[in-house]
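# A structural walkthrough
In case you want the letters, here they are:
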Amino acid sequence: MAEQTIEHAQPLTVLAEDEAIFRDAVREFADAQVRPLVREMDEHAKIPRSLVDQLFDLGVMAIEIPEAYGGAGASFFHAVLAVEELSRVDPSVGVLVDVQNTLVVNALMRWGNDDIKRRYLTRLASNTVGAYALSEAGSGSDAFALATRAKEDGEHYVITGRKLWITNGNEADIFLVFATINPEAGYRGITAFVVERGVAGFTVGKKEDKLGIRASSTCELIFEDCRVPKANVLGEVGKGYKSAIETLNEGRIGIGAQMIGLAAGALEHTIKYTKARKQFGKPIAEFQAIQFMLADMATEIEASRLLCYRAAAMKDAGERVTQFSAMAKLYSSEVAVRATEKGVQIFGGYGFIKDFPAEKYYRDVKLCTIGEGTSEIQRLVIARGILGAQ
Ligand SMILES: Cc1cc2nc3c(=O)[nH]c(=O)nc-3n(C[C@H](O)[C@H](O)[C@H](O)COP(=O)(O)OP(=O)(O)OC[C@H]3O[C@@H](n4cnc5c(N)ncnc54)[C@H](O)[C@@H]3O)c2cc1C
């Protein structure tokens, strides 16, 4: 009988050659260039510009931007790998790269016309950081209740209002800003604008003093009669809700990647510690109670990685990811919270002080059950998907 040929699909975690080379380069960079700065960046709540420049040189600030605009022309999956590897060492650096690629660049590539792509993708690929400004003091989970107003005036829109919690606010020169052209129209009034730092009427306000990812800047943005040319509307007027929601649906996979990196980094430190720390005459790694915690951490991290890689592969394949990106973000962030809590427990008293890395991972992790949609909102999205599909 003739032998049947069975074609096997590539396992999700076995990387293609170019992906493995890219992942290794980012890992090497994170260990050599980022790790020595982690403590100082956390203490000073700042990522030095020299490190941002190195991220541009490494090619991780323009991963999906086509080569014609100066980017790497790689995939969303590559962006996920970069965010994971950087977050393993410092999630603040991970989120800077994540916002640039999975939100700002992603939105401009998808919704920008040729003019916007030419003017802004080239800058984002060479040396300019971007930020994504949707949230306001009164509109977080209910993002489309935003109050920032854009009024038409000849060839411009005049923007007035305030944005809150904007990641990369300190470093960015290009801001993707969501405002309404007609509050009575509800979400159908929401429009996306590309706003440059330095334009009259726009200032970056207070930088928040945070529990974790302290080196990542989180800022208020203030718009007072800020005139933005109509040519800077991203996508269609009144369709900003669509670009916001679809970009966030994909961006959540990046937050998932940040979380698997963070949790994996915490686990690496914890494993090392359990082999070095002795109590009752032996390394604590020999106690079954400790082994069980390590086993749970490792298993849940692997499961998160599968969810994230799958969602990223779906995005690259052009499939609808809404439910799957919410699952990846929800699960990875909750796993990372559990893993870092176990990390502190295993470090004992040394987990509670700043001389060891466990306490920083434990502080850094908490943002991720909140930012880009809280865990409760992810559950709503997943439930809507499941119930709608029945
Ligand atoms: C460090 C940091 C960085 C950020 N970066 C950015 C950024 O770059 N750009 C940007 O636009 N935003 C950013 N955000 C804002 C972030 O997306 C919001 O904080 C988040 O969406 C939650 O909104 P909120 O803080 O207003 O909480 P709220 O929406 O007020 O929620 C409060 C609580 O109510 C729950 N809740 C709300 N609605 C429901 C519901 N329908 N059902 C069940 N529970 C519900 C929430 O889950 C939460 O537990 C950032 C926030 C932080 C802290």
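For the structure, see preceding data.
Here the structure is a predicted model, which is why all the values come from computation and not from measurement.

### Points about the site of the ligand
The full set close to the ligand counts 17 residues, and Ser 135, Ser 141, Trp 165, Thr 374 and Glu 376 are the nearest of them. Here Tyr 132 contributes a backbone N or O atom positioned 2.8 Å from a nitrogen atom of the ligand. One of the backbone nitrogen or oxygen atoms of Leu 134 is found 2.9 Å away from an oxygen atom of the ligand. Protein burial of the ligand: of its 980 Å² of free accessible surface, 64% is covered by the chains. At the level of secondary structure, the elements contributing two or more residues to the shell around the ligand comprise β3 (156-167) and α11 (375-389). Taken together, the residues of the shell around the ligand break down into eight nonpolar, six polar and three charged.

### Describing the packing of helix α1 (residues 17-34) against helix α3 (residues 49-58)
Running from N to C, α1 and α3 point in directions that differ by 160°, and their axes come no closer than 12 Å. As the angle between them shows, α1 and α3 are arranged roughly antiparallel. As α1 runs across α3, the sense of the crossing is right-handed. The residues of α3 that touch α1, namely those facing Ala 25, Val 26, Phe 29, Gln 33 and Val 34, are Leu 51, Gln 54, Leu 55 and Leu 58. Considered class by class, the residues forming the contact of α1 with α3 number seven nonpolar, two polar and no charged.

### What about the nonpolar core?
Within the largest apolar cluster, 58 residues are counted, with the highest numbers of intra-cluster contacts made by Val 34, Leu 55, Leu 86, Phe 193 and Val 195. If you tally residues by element for this core, the top one is helix α4 (residues 76-89), at nine residues. For Leu 55, the residues in contact, after removing those within four places along its chain, are Phe 29, Val 60, Met 61, Leu 86, Val 93, Leu 96 and Val 97. Ranked by size, the runner-up nonpolar core spans 29 residues in total, among them Ile 116, Leu 146, Tyr 241 and Ala 244.

### Notes on α4
Helix length check: α4, at 14 residues, gives a terminal C-alpha distance of 21 Å against a target of 20 Å (1.5 Å per residue), a fit within 8%. Counting buried positions along α4 yields 14 of 14 residues, so the element is predominantly enclosed.

### Regarding the packing of aromatic side chains
Applying the stated criterion to the full structure yields twelve aromatic pairs. Look at Tyr 157 and Phe 193: their rings are 5.3 Å apart centre to centre, the planes differ by 65°, and that puts the pair in the edge-to-face class. Separated by 36 residues along the polypeptide, Tyr 157 in strand β3 and Phe 193 in strand β5 (residues 190-196) bring together distant segments of the chain. Residue classification places Tyr 157 among the buried positions, given a relative accessible area of 6%. Taking relative accessible area as the criterion, Phe 193 reaches 0% and is therefore assigned buried. Ring geometry for Phe 175 and Phe 202: centres 5.0 Å apart, planes at 85°, overall edge-to-face. Remark: Phe 202 occurs in strand β6 (residues 202-207) and Phe 175 occurs in strand β4 (residues 172-180); sequence separation between them is 27 residues. Given the relative accessible area of 7%, Phe 202 is considered buried. Grouping aromatic residues by their ring pairs yields a cluster made of Tyr 273, Phe 347, Tyr 350 and Phe 356. Note that Lys 230 overlies the ring of Tyr 157, its terminal NZ or CZ placed 5.8 Å from the centroid.

Conventions adopted
- Residues numbered from 1 in each chain as written.
- Predicted model: local features only at pLDDT ≥ 70, side-chain atom pairs only at ≥ 80, totals over all residues.
- Heavy atoms only, no water.
- Near = heavy atom within 4 Å.
- Polar contact = N/O pair within 3.5 Å; in protein donor to acceptor, adjacent residues only side chain to side chain.
- Areas by Shrake-Rupley, 256 points an atom, 1.4 Å probe, with all protein chains shown as cover.
- Helix = DSSP H or I, 4+ residues; strand = E, 2+ residues; numbered from the N terminus.
- Nonpolar A, V, L, I, M, F, W, Y, C, P; charged D, E, K, R; others polar.
- Axes fitted to C-alpha atoms, helices over the stretch in contact; angles between N-to-C directions.
- Parallel < 35°, antiparallel > 145°, perpendicular 65-115°, else oblique.
- Left-handed = near helix turned anticlockwise from the far one by under 90°.
- Contact = heavy atoms within 4.5 Å.
- Core = buried A, V, L, I, M, F, W, Y, C linked by side-chain atoms within 4.5 Å.
- Buried < 20%, exposed > 50% of the residue type's maximum accessible area, 1.4 Å probe, protein only.
- Expected span 1.5 Å × (residues − 1).
- Phe/Tyr/Trp six-rings, centres within 6.5 Å; stacked < 30°, edge-to-face > 60°.
- Lys NZ or Arg CZ within 6 Å of the ring centre and 35° of its normal.

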